[in-house]
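So the chains spell out like this:
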Protein chains: 2
Amino acid sequence: MAASGARRDALEELIEALRRLPGVGVKSAQRMAYHLLQHDRPAAQAIAGALTHAMQSVRHCTRCHTFTEAELCSTCADPRRDARLLAVVESPADQAALERSGGYKGLYFVLMGRLSPLDGMGTVEIGAERLLARAADGVVEEVVLATGFTAEGELTAQALAAALKARGLKVTRLARGVPAGSDLEYVDLSTIAYALHDRR
Amino acid sequence: MAASGARRDALEELIEALRRLPGVGVKSAQRMAYHLLQHDRPAAQAIAGALTHAMQSVRHCTRCHTFTEAELCSTCADPRRDARLLAVVESPADQAALERSGGYKGLYFVLMGRLSPLDGMGTVEIGAERLLARAADGVVEEVVLATGFTAEGELTAQALAAALKARGLKVTRLARGVPAGSDLEYVDLSTIAYALHDRR
């Protein structure tokens, strides 16, 4: 018998699996599966191998909660970082952006999310208790809230600021204002209003 | 030593591997990797397994060139299909669309692409020789060109029509016209022009 009959075949299984990637619908999953099968089987093997390897070896840093393969991530384990400063970021991508700026030498706490009650992201999901314990290690003197300036990022910063201040910690927030290199003409009105209010 | 140092880590390796998927840039690949690691490790295992399984078991049907796990795909192996009709389509997705219409009972030839000289897709890449050999089996009476009505699909249909007719085969093309359920008011002008020209 050549026909595969009722059994779900390997191609359908692959398309359904790829749909579990965030932002990938059935059309994209089909296109990915056809492309890999037709044009790039080595890429398929590389992706399968990298997925298996990452799921086996990547875990969370016990201090800052970012992804790492060791007990401590390389940043937390670096004795040259200033342990008195603790920046709170939403994701490893945001942490990388701060690092690229070259202006921050302290340590991090990575929330791996942000408060979003409608999506089921509450204080438990973003590890607020873990942050409070981490910030109360006796070494941290200032917590820099570096969550995004979106509605959810602001909500997260406000909630964490209240909890951290209640424990007697100094809490700051990244400055809001006109982006470097911007013509005022093209900056949105609320940014200008904040930049006026926070003028120095 | 806790820090991983210079060695490329498993997370970076995963992000780079995911970028090899069509349509996935570095931001999407990061988002996918973080999502899988943080929220859906079972999905990562499912994708890795499905990729490995599909690359091992999926090959091309020896008659119609579509993806299959057997020597012949289930359509080519089905004795109830009308072997006198051969529809030429660009992809398994297009074949599935024709099947869903319920109006076609013949066999298929799947090009797995379309002529696109600028992208390096020539007659060799779309298997034109294989199609000509397939259509000349002595059973096929009519080749229905069902490539897309895009510039590249039309180019493909024209080139294949010339080669097939030169071998004495009857060649037809899907009708162009106003989509079922459309108000004329909202149909684009070139479609209306074609529908007028091909009126019956």
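What you are looking at is a predicted structure, and each value in this text was computed from that prediction instead of being measured. (Residues numbered from 1 in each chain as written. Chains lettered and ligands numbered in written order. Predicted model: local features only at pLDDT ≥ 70, side-chain atom pairs only at ≥ 80, totals over all residues. Heavy atoms only, no water.)

Asker: Looking at this model, I keep getting lost on the sheet that holds strand β6 (residues 170-173) of chain B. Mind explaining?
Answerer: Think of a sheet as strands paired side by side through backbone hydrogen bonds, with each pair either parallel or antiparallel. Residue and element names in this part refer to chain B. Spatially, β4-β3-β5-β6 is the arrangement adopted by the four strands of the open sheet, whose pairing is parallel. If you trace the sheet from one side to the other, it starts and ends with β4 (106-110) and β6, each paired once. Neighbouring strand axes in the sheet, compared pairwise and without regard to direction, differ in orientation by 30° on average. Pairing analysis gives five bridges linking strand β3 (residues 82-89) to β4, with the strands arranged parallel. Each residue of the ladder has a partner; that of Val89, found in β4, is Val110. Packing against the sheet, helix α6 (residues 151-166) makes contact with β3, β5 (142-145) and β6, and its axis sits at approximately 165° to β6. (Pairing = 2+ DSSP bridges. Helix = DSSP H or I, 4+ residues; strand = E, 2+ residues; numbered from the N terminus. Axes fitted to C-alpha atoms, helices over the stretch in contact; angles between N-to-C directions. Contact = heavy atoms within 4.5 Å.)

Asker: Looking at this structure, how should I read the relation of the copies chain A and chain B?
Answerer: The two chain copies are related to each other by a rotation about an axis together with a translation along it. It takes a turn of 180° to lay chain A on chain B, together with a shift of 0.1 Å along the axis; the resulting RMSD is 0.1 Å. In symmetry terms, the pair is related by a two-fold rotation axis. In terms of C-alpha distance to the rotation axis, chain A has Ala48 of chain A as its closest residue, with the C-alpha 2.0 Å off the axis. Counting the interface residues of chain A, we find that 100% of their copies in chain B are interface residues as well, pointing to one common contact surface. (Least-squares fit on C-alpha atoms with pLDDT ≥ 70 in both.)

Asker: I'm lost on the pairing of β6 of chain B in this one. Help?
Answerer: Along any regular strand the residues' side chains alternate between the sheet's two faces. Residues and elements named next belong to chain B. Across four bridges, the pairing between β5 and β6 is parallel. Across the sheet, Leu145 pairs through a bridge with Arg173, a residue of β6. A crossover links β5 with its parallel partner β6, the connecting element being α6, and its sense is right-handed. (Right-handed = clockwise from strand over helix to strand, strands pointing away.)

Asker: I tried to follow the interface of chain A and chain B on my own but got confused; where do I start?
Answerer: For interface size, the figure often reported is the accessible area lost on association. Contact with chain A, which involves 50 residues of that partner, is made by 50 residues of chain B. Counting each side, the surface lost to burial between chain A and chain B is near 4800 Å², with a carbon and sulfur contribution of 70%. Salt-bridge contacts for Arg20 of chain B lead to Asp40 of chain A; the nearest nitrogen and oxygen are separated by 3.7 Å. Linking chain A with chain B are 12 residue pairs in polar contact (both at pLDDT 80 or more). If you tally residues by element for the side of chain A that touches chain B, the top one is helix α3 (residues 41-57) of chain A, at 14 residues. The residue inventory of the side of chain A that touches chain B, partitioned by class, reads 32 nonpolar, nine polar and nine charged. (Buried area = accessible area lost by both parts, 1.4 Å probe. Salt bridge = Lys/Arg side-chain N within 4 Å of Asp/Glu carboxyl O. Polar contact = N/O pair within 3.5 Å; in protein donor to acceptor, adjacent residues only side chain to side chain. Nonpolar A, V, L, I, M, F, W, Y, C, P; charged D, E, K, R; others polar.)

Asker: Help me understand the environment of Ala193 of chain A, please; the structure alone is not making it clear to me.
Answerer: Residues and elements named next belong to chain A. Within the secondary structure, Ala193 is located in helix α7 (residues 189-197). Here Ala193 falls in the partly exposed class, since its relative accessible area comes to 44%. Remark: the alpha-carbon pair of Ala193 and Val178, spanning 15 residues in sequence, is separated by 9.7 Å. (Buried < 20%, exposed > 50% of the residue type's maximum accessible area, 1.4 Å probe, protein only.)

Asker: What am I meant to see in unusual backbone geometry here?
Answerer: Most peptide bonds take the trans form, and the phi angle of most residues other than glycine is negative. Phi is positive for His65 of chain A, close to 75°, though the residue is something other than glycine. One non-glycine residue, Met112 of chain B, adopts positive backbone phi at about 60°. Along the polypeptide, Met112 of chain B turns up in the loop between β4 and α5 (128-135). By relative accessible area, which is 7% here, Met112 of chain B ends up buried.

Asker: Is there a simple way to think about the sheet that holds strand β4 (residues 106-110) of chain A in this case?
Answerer: Residue and element names in this part refer to chain A. Read from one edge to the other, the open sheet built from four strands follows the order β4-β3-β5-β6, with strand pairing classed as parallel. In this open sheet, the two edge strands, each paired with only one partner strand, are β4 and β6 (170-173). Going from strand to strand, the sheet's axes swing by 30° on average, the running direction of each strand aside.

Asker: In this structure, what is going on with the environment of Glu90 of chain A? I would like to understand it.
Answerer: Residues and elements named next belong to chain A. Mapping Glu90 onto the fold places it in the loop between β3 (82-89) and α4 (92-101). Look at Glu90 and you get buried, because its relative accessible area is 9%. On a C-alpha basis, the gap between Glu90 and Asp188 in space is 24 Å, while along the polypeptide they are 98 residues apart. Glu90 has contacts with Val110, Leu111, Met112, Gly113, Arg114, Thr147, Gly148 and Gly153, leaving out every residue within four places of it along the chain.

Asker: Explain the pattern of salt bridges to me, please; I cannot follow it from the model alone.
Answerer: Two side chains of opposite charge can pair, provided their charged atoms sit close to one another. Within this structure, the stated rule accounts for 22 salt bridges over all chains. Close ionic contact of Arg80 of chain B with Asp78 of chain B constitutes a salt bridge, the shortest N to O distance being 3.1 Å. The exposed category is assigned to Arg80 of chain B, whose relative accessible area is 73%. Among the charged side chains, a network of salt bridges with common partners joins Glu90, Arg114 and Glu152 of chain A.

Asker: For this particular structure, what's the right way to read the packing of α5 of chain B against α6 of chain B?
Answerer: The geometry of a pair of packed helices is captured by two quantities: the angle between their axes and the separation between those axes. Residues and elements named next belong to chain B. In the contact formed by α5 and α6, the axes pass within 11 Å of each other and the chain directions differ by 40°. Here α6 runs oblique to α5, going by the angle between their axes. The handedness of the crossing between α5 and α6 comes out as right-handed. Seen from α5, the contacting residues are Ala128, Leu131, Leu132 and Ala135; seen from α6, they are Leu160, Ala163 and Leu164. (Parallel < 35°, antiparallel > 145°, perpendicular 65-115°, else oblique. Left-handed = near helix turned anticlockwise from the far one by under 90°.)

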